[in-house]
Amino acid sequence: QVQVAESGGGLVQAGDSLRLSCAASGRTYVMGWFRQAPGKEREFVAAISWNGGSTWYGDFVKGRFTISRDNAKNTVYLQVDSLKLEDTAVYYCAAILRVGEPIKADDYNYWGQGTQVTVSS
């Protein structure tokens, strides 16, 4: 059993930057971020392999999001720059324990509770 917990969300202004953190209680194969805005389906944001050697990003990211990880701390980070109103969502961190497709939510074994990011104008 691996526990995953996000932190770092909050109320920010458009154009600001924000860094989300996700701490895992054990080693994982892949860790990823998803988000869900009100009235919309959950969408893939980014994922990173266990050693940081491979990363994956959602089609909408376009360079504004950067995922990284610190294995010494079992923590993954999501840096979001130039925040837009449409980035408002609950951001979820998730972990794949052994094998799975990083962009597929169904392949993730453990999920955090989510952290709210609200972007204001």
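Here, the structure is the one placed above.
Residues numbered from 1 in each chain as written. Predicted model: local features only at pLDDT ≥ 70, side-chain atom pairs only at ≥ 80, totals over all residues. Heavy atoms only, no water.

A. Up close: the packing of aromatic side chains. Applying the stated rule across the entire model yields 5 aromatic pairs. Taking 5.1 Å as the distance between ring centres and 85 degrees as the angle between the ring planes, the aromatic pair formed by Phe34 and Tyr108 counts as edge-to-face. Of this pair, Phe34 sits in strand 4 (residues 30-36) while Tyr108 sits in the loop between strand 9 (89-96) and strand 10 (110-111); the two residues are 74 residues apart in sequence, bridging distant segments of the chain. What makes Tyr108 buried here is its relative accessible area of 6%. Through successive ring pairs, a cluster of aromatic residues spans Phe34, Phe44, Tyr108 and Trp111. Arg19 extends its terminal NZ or CZ atom over the ring of Tyr77, reaching a point 4.2 Å from the ring centre. Just above the ring of Trp111 sits the side chain of Arg42; from NZ or CZ to the centre is 4.5 Å. (Phe/Tyr/Trp six-rings, centres within 6.5 Å; stacked < 30°, edge-to-face > 60°. Helix = DSSP H or I, 4+ residues; strand = E, 2+ residues; numbered from the N terminus. Buried < 20%, exposed > 50% of the residue type's maximum accessible area, 1.4 Å probe, protein only. Lys NZ or Arg CZ within 6 Å of the ring centre and 35° of its normal.)

B. Fine view of the nonpolar core. Of all hydrophobic cores here, the largest spans 27 residues; its most connected members are Val4, Met31, Trp33, Leu78 and Tyr91. Of all the elements in the fold, those that place two or more residues in this core are strand 3 (18-24), strand 4, strand 5 (43-49), strand 7 (65-70), strand 8 (75-80), strand 9 and strand 11 (115-120). The residues touching Leu78, leaving out its near neighbours within four places in the chain, are Leu18, Arg19, Leu20, Trp33, Val45, Ala46, Phe65, Thr66, Ile67 and Tyr91. Of all hydrophobic cores here, the second largest spans 8 residues; its members include Phe34, Ala94, Ile96 and Ala105. (Core = buried A, V, L, I, M, F, W, Y, C linked by side-chain atoms within 4.5 Å. Contact = heavy atoms within 4.5 Å.)

C. Structural detail: the sheet that holds strand 7. Pairing in this open sheet of 4 strands is antiparallel, and the strands run 1-3-8-7 from one edge to the other. Two strands lie at the open edges of the sheet, namely strand 1 (4-7) and strand 7, each paired on one side alone. Neighbour-to-neighbour, the strand axes of this sheet turn through a mean angle of 20 degrees, independent of strand direction. Judged from the 4 bridges that link them, strand 1 and strand 3 form a sheet pairing that is antiparallel. Bridge pairing in strand 3 links Glu6 to Cys22. (Pairing = 2+ DSSP bridges. Axes fitted to C-alpha atoms, helices over the stretch in contact; angles between N-to-C directions.)

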